[in-house]
Amino acid sequence: MDDQPRLMHSSHGVGMAGHPGLAQHMQDSTGGADGEGRKQDIGDILQQIMTITDQSLDEAQARKHALNCHRMKPALFNVLCEIKEKTVLSIRGAQEEEPPDAQLMRLDNMLLAEGVSGPEKGGGSAAAAAAAAAAGGGGPDNSAEHSDYRAKLSQIRQIYHTELEKYEQACNEFTTHVMNLLREQSRTRPISPKEIERMVNIIHRKFSTIQMQLKQSTCEAVMILRSRFLDARRKRRNFNKQATEFLNEYFYSHLSNPYPSEEAKEELAKKCSITVSQVSNWFGNKRIRYKKNIGKFQEEANMYAARTAVTATNVSTHGSQANSPSTPNSAGDTSPC
DNA sequence: TGTTATGATTCAAC
DNA sequence: GTTGAATCATAACA
């Protein structure tokens, strides 16, 4: 780095101030014997550069040193830098204008929404919470699945951040390495600070691409996890026998109006160790299936009606309250819906 | 392995 | 938001 200004500007009084370049330099010098001598100098230098690879290492080192000390070297470097600069700009030109990356924005938004990037949302995602709520929100199995989901999401989050950190570190290390290398090489090659800056940008862009791939694969992992979690909701587990008994008991004892109130649903849910949503589902299914095939359910209806009658008798005998949950309608009806 | 039973989901109507 | 109806997915059973 320290050498750069030394290389770019002549200290030999050749008249390079204001960065005029070799052409300008030559134009200023045309005509006299001095101009002829300089042309000869340039020819010599170019010849030496062209043949340097044919020489032995020691010879090449000696020649390199001689070139570095040559009074025309700064002027030549300036010209080569200018040519390189113009060539690179004309080649890249429009290519360097990048449109804002919509895909990257989408990925960032998704990672943020899922709680993978950004601040941790209490160890889980809003999506998981919503899914858990939709699933009936609160059974023991469900909360276990939810915590499992959160644990796995946390794992993904951890891996994502570790990888991201690793990439950033690697990017910084590589950038520093390349910058040092280019600065070192700028002693012997025409490399301008602008070019180094451009190279750094290229490296950053490459690492951004890698980061995007990381984000993409993280998103995919979250999607897979989420779909597995949502699929798990569909896994059907039959209610235990006692729960079905409670539900049927209520249903057949309120056959004329099998629509439990919210309180009754809560009470049944508690008794059956299921959620209120499950109670609602059960009654929804039961009503429709009963209506579709009354004959098939007749035996069941009779059995529960008999049970209810026995319970009612016991209640009147012992003067105690019935065991079945409260209802807006009278118990013991047998007329369907 | 096919059939039935059953819990869950979706969607339209209210 | 609740309900009925259709449907899906899976457990249970013959």
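Thresholds applied
Residues numbered from 1 in each chain as written. Chains lettered and ligands numbered in written order. Predicted model: local features only at pLDDT ≥ 70, side-chain atom pairs only at ≥ 80, totals over all residues. Heavy atoms only, no water. Near = heavy atom within 4 Å. Polar contact = N/O pair within 3.5 Å; in protein donor to acceptor, adjacent residues only side chain to side chain. Helix = DSSP H or I, 4+ residues; strand = E, 2+ residues; numbered from the N terminus. Nonpolar A, V, L, I, M, F, W, Y, C, P; charged D, E, K, R; others polar. Phe/Tyr/Trp six-rings, centres within 6.5 Å; stacked < 30°, edge-to-face > 60°. Buried < 20%, exposed > 50% of the residue type's maximum accessible area, 1.4 Å probe, protein only. Lys NZ or Arg CZ within 6 Å of the ring centre and 35° of its normal. Salt bridge = Lys/Arg side-chain N within 4 Å of Asp/Glu carboxyl O. Core = buried A, V, L, I, M, F, W, Y, C linked by side-chain atoms within 4.5 Å. Contact = heavy atoms within 4.5 Å. Axes fitted to C-alpha atoms, helices over the stretch in contact; angles between N-to-C directions. Parallel < 35°, antiparallel > 145°, perpendicular 65-115°, else oblique. Left-handed = near helix turned anticlockwise from the far one by under 90°. pLDDT = per-residue confidence, 0-100. Arc of directions from axis to C-beta.

### Things to note about the protein's contact with DNA strand B
Close to DNA strand B lie eleven residues; Arg-236, Gln-278, Trp-282, Asn-285 and Arg-289 are nearest. Counting only the atoms of DNA strand B within 4 Å of the protein, the fraction contributed by sugar and phosphate is 51%. Here a phosphate oxygen of DNA strand B sits 3.3 Å away from a polar atom, N or O, in the side chain of Trp-282. The separation between a base oxygen of DNA strand B and a polar side-chain atom of Arg-289 is 2.7 Å. The greatest single-element share of the surface near DNA strand B, amounting to five residues, is contributed by helix H12 (residues 276-292). When grouped by side-chain class, the residues that make up the surface near DNA strand B number two nonpolar, three polar and six charged.

### A few points about the packing of aromatic side chains
Per the counting criterion, the structure on display carries ten aromatic pairs. Ring geometry for Phe-251 and Trp-282: centres 6.2 Å apart, planes at 85°, overall edge-to-face. Taken as a pair, Phe-251 in helix H10 (residues 241-253) and Trp-282 in helix H12 lie far apart in primary sequence, 31 residues in all. Phe-251 gets classed as buried once you look at its relative accessible area, which sits at 0%. You can call Trp-282 buried: its relative accessible area is 14%. Taken together through their ring pairs, the aromatic side chains of Tyr-250, Phe-251, Tyr-252, Trp-282, Phe-283, Tyr-290, Phe-297 and Tyr-304 make up a single cluster. Over the ring of Phe-251 we find Lys-286, and its NZ or CZ is 5.9 Å from the ring centre.

### Overview of the pattern of salt bridges
According to the stated counting rule, one finds three salt bridges in the structure shown. Taking the shortest distance from any N to any O, the salt bridge between Lys-215 and Asp-108 comes out at 2.8 Å. Taken together, the positions of Lys-215 in helix H9 (residues 193-233) and Asp-108 in helix H6 (residues 102-113) put the pair 107 residues apart, joining distant regions of the chain. Between Lys-286 and Glu-300 there is a salt bridge; the shortest N-O distance is 2.9 Å. On the criterion of sequence distance, the pair formed by Lys-286 in helix H12 and Glu-300 in helix H13 (residues 294-318) is long-range, its members being 14 residues apart.

### Points about the nonpolar core
Residues Leu-247, Phe-251, Tyr-252, Leu-268, Val-279 and Phe-283 are the most contacted members of the largest nonpolar core, which totals 19 residues. For this core, the secondary structure elements donating two or more residues are H10, helix H11 (262-272), H12 and H13. When residues of this core are assigned to their parent elements, the largest contribution, six residues, is made by H10. The next biggest cluster of nonpolar side chains, apart from the first, holds eleven residues, and it includes Tyr-160, Leu-164, Leu-214 and Cys-219.

### Observations concerning the protein's contact with DNA strand C
Around DNA strand C lies a shell of twelve residues, among which Arg-236, Tyr-259, Arg-287, Ile-288 and Lys-291 are the nearest. Considering the 4 Å shell around the protein, atoms of DNA strand C inside it are sugar or phosphate in 71% of instances. Separating a phosphate oxygen of DNA strand C from a side-chain N or O atom of Lys-265 is a distance of 3.4 Å. Elements with a minimum of two residues in the surface near DNA strand C: H11 and H12. Residue contributions to the surface near DNA strand C peak at five residues, all from H12.

### A few points about the side chain of Lys-265
Looking at the element boundaries, Lys-265 is found in helix H11. Sequence-distant contacts of Lys-265, that is, excluding residues within four places in its chain, are made with Pro-260, Val-276, Val-279 and Ser-280.

### Digging into the packing of H10 against H11
Their axes nearest at 9 Å, the elements H10 and H11 cross at an angle of 155°. The pairing of H10 with H11 is recorded here as roughly antiparallel in orientation. The two elements H10 and H11 meet at a crossing, and its hand is right-handed. Residues Ala-243, Phe-246, Leu-247 and Tyr-250 of H10 form the contact with H11, whose participating residues are Ala-264, Leu-268, Lys-271 and Cys-272. Partitioned by chemical class, the residues of the contact of H10 with H11 number seven nonpolar, no polar and one charged.

### A closer look at the confidence of the model for chain A
Residues with a pLDDT of 70 or more make up 65% of chain A, whose mean pLDDT is 71. Looking across chain A, the model is least confident in helix H1 (residues 3-8), with a mean pLDDT of 39, and most confident in H12, with 89. Considering only residues more than four positions removed or in separate chains, one finds that residues 1-31, a stretch of pLDDT under 50, has 43 contacts. Contacts of residues 326-337 to residues separated by more than four positions or lying in other chains number 29 contacts, the stretch itself having pLDDT below 50.

### Observations regarding the packing of H11 against H12
For the pair H11 and H12, the least separation of the axes is 8 Å and the interaxial angle reads 105°. In terms of axis orientation, H11 runs roughly perpendicular to H12. Across from Glu-262, Lys-265, Glu-266, Leu-268 and Ala-269 in H11, the residues of H12 making contact are Val-276, Val-279, Ser-280 and Phe-283. Grouping the constituent residues of the contact of H11 with H12 by class yields five nonpolar, one polar and three charged.

### Describing H11
All buried positions along H11 are accounted for by Ala-264, Lys-265, Leu-268, Ala-269 and Cys-272. Along H11, the residues classed as buried sweep out an arc of 135° about the axis, all on the same side. Of the exposed residues in H11, those oriented more than 90 degrees away from the buried face are Glu-263 and Lys-270. Residues of H11 that are buried make contact with H10 and H12.

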